[in-house]
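Summary of the model geometry
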Amino acid sequence: MLQTTGRGLLALLLMLLEWTRPSLPSPLRPICDLRVLNHFIKEAQDAEVAMKSCREGCGLSQSVTVPQTRVDFVIWERKDAMEKAQEVQCGLWLLQQALGLLRSSVTNVALHGHIDNSVRNVLSINAILRSLNIPEYTPPASAAGLEGTWHVSTATDLLQVHVNFLRGKREVIEEDMRTVKLRSCHYRSS
């Protein structure tokens, strides 16, 4: 009896080890819930509010290049989906660079969590774009010559650009997500 129980435990242990075994990462599946973008926007707004209430140790050490958030809809509508996606990816790259500099500039520890969330969310949006079979963005050597950018010199301005960018450019992401969702996602409607 003990031998049978031991074999059963060994089999269970082997199954658990197989199940938890590190393996090659599986490719990202498309995200099927559009509310995830709203969550990212909410977290960006929370970071902006926290930054506005910060009194000490919350400045940028230098000005940063950020994407413009104003959109000329006539020009935007003429762009194909790939051009729109590249513009979004470029903006995300600029935000990632700027948020990284902000993180290293801010000495107020209470803000680090907000900034870290913002960086993770930008990386997540990039992962979403890759899961939609949008080619990975190749950043330039320098942001100096990029079109559609401007400079901000305060942390509050940077986080406001972050919020506005996510609000304005999410159309491209949502449009692609809806297309993919129709093909491959099984979900409850929200």
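Let's shift gears to the packing of helix H4 (residues 81–105) against helix H5 (residues 109–131). Interaxial distance between H4 and H5 falls to 10 Å at its minimum, and their mutual angle equals 160°. Classified by the angle their axes make, H4 and H5 are roughly antiparallel. In this structure, H4 crosses over H5, and the sense of that crossing is left-handed. When H4 is examined against H5, the residues Val-88, Gln-89, Leu-92, Gln-96, Leu-99, Leu-102 and Arg-103 are found in contact with a partner set consisting of His-112, Ile-115, Asp-116, Ser-118, Val-119, Val-122, Leu-123, Ile-125, Asn-126 and Leu-129. The class makeup of the residues in the contact of H4 with H5 is ten nonpolar, five polar and two charged.

Looking at the largest pocket, its volume works out to about 470 Å³. Around the largest pocket, the lining is made up of 19 residues, and of these Lys-79, Glu-87, Glu-147, Gly-148 and Lys-169 lie nearest the centre. Secondary-structure elements contributing two or more residues to the lining of the largest pocket are helix H3 (73–78), H4 and helix H6 (155–184). Partitioning the lining of the largest pocket into residue classes produces eight nonpolar, four polar and seven charged.

We now examine the pattern of salt bridges. One pass over the structure, following the stated rule, counts four salt bridges. As a salt-bridge pair, Lys-52 and Glu-48 come within 3.5 Å of each other at their nearest N and O atoms. With Lys-52 and Glu-48 both in helix H2 (residues 35–53) and four residues apart, this pair spans about one turn of that helix. The class for Lys-52 is partly exposed, based on a relative accessible area of 47%.

With that settled, consider the packing of aromatic side chains. Applying the stated criterion across every chain, the model contains one aromatic pair. Ring plane angle 50° and centroid distance 6.5 Å describe the contact between Trp-93 and Tyr-137, whose orientation is recorded as tilted. Of this pair, Trp-93 sits in helix H4 while Tyr-137 is found in the loop between H5 and strand S2 (149–152), placing the two residues 44 residues apart along the sequence. Exposure class is identical for Trp-93 and Tyr-137. Each is buried.

Another aspect to go through is the state of the cysteines. What makes a disulfide is a covalent bond joining the sulfur atoms belonging to two cysteines. All told, the structure shown has one disulfide when counted by the stated rule. Between the sulfur atoms of Cys-54 and its disulfide mate Cys-58 the distance is 2.2 Å. Where Cys-54 bonds to Cys-58 through sulfur, the torsion about that S-S bond is close to -105°, and the disulfide is left-handed. Owing to a relative accessible area of 12%, Cys-54 belongs among the buried residues under this scheme.

Take the confidence of the model for the protein chain next. Residues with a pLDDT of 70 or more make up 71% of the protein chain, whose mean pLDDT is 76. Summarising per-element confidence for the protein chain, the mean pLDDT is lowest in helix H1 (residues 2–20) (46) and highest in strand S1 (residues 64–67) (93). Across residues 182–190, confidence stays below pLDDT 50; counting only partners more than four residues off in sequence or on other chains, it has seven contacts.

Cut-offs used in this document
Residues numbered from 1 in each chain as written. Predicted model: local features only at pLDDT ≥ 70, side-chain atom pairs only at ≥ 80, totals over all residues. Heavy atoms only, no water. Axes fitted to C-alpha atoms, helices over the stretch in contact; angles between N-to-C directions. Helix = DSSP H or I, 4+ residues; strand = E, 2+ residues; numbered from the N terminus. Parallel < 35°, antiparallel > 145°, perpendicular 65-115°, else oblique. Left-handed = near helix turned anticlockwise from the far one by under 90°. Contact = heavy atoms within 4.5 Å. Nonpolar A, V, L, I, M, F, W, Y, C, P; charged D, E, K, R; others polar. 1 Å grid on protein atoms, 1.4 Å probe; cavity = no way out; pocket = protein on both sides within 12 Å on 5 of 7 lines; lining within 4 Å. Points joined across faces, edges and corners; volume = space filled by probe spheres on them. Salt bridge = Lys/Arg side-chain N within 4 Å of Asp/Glu carboxyl O. Buried < 20%, exposed > 50% of the residue type's maximum accessible area, 1.4 Å probe, protein only. Phe/Tyr/Trp six-rings, centres within 6.5 Å; stacked < 30°, edge-to-face > 60°. Disulfide = S-S within 2.5 Å. pLDDT = per-residue confidence, 0-100.

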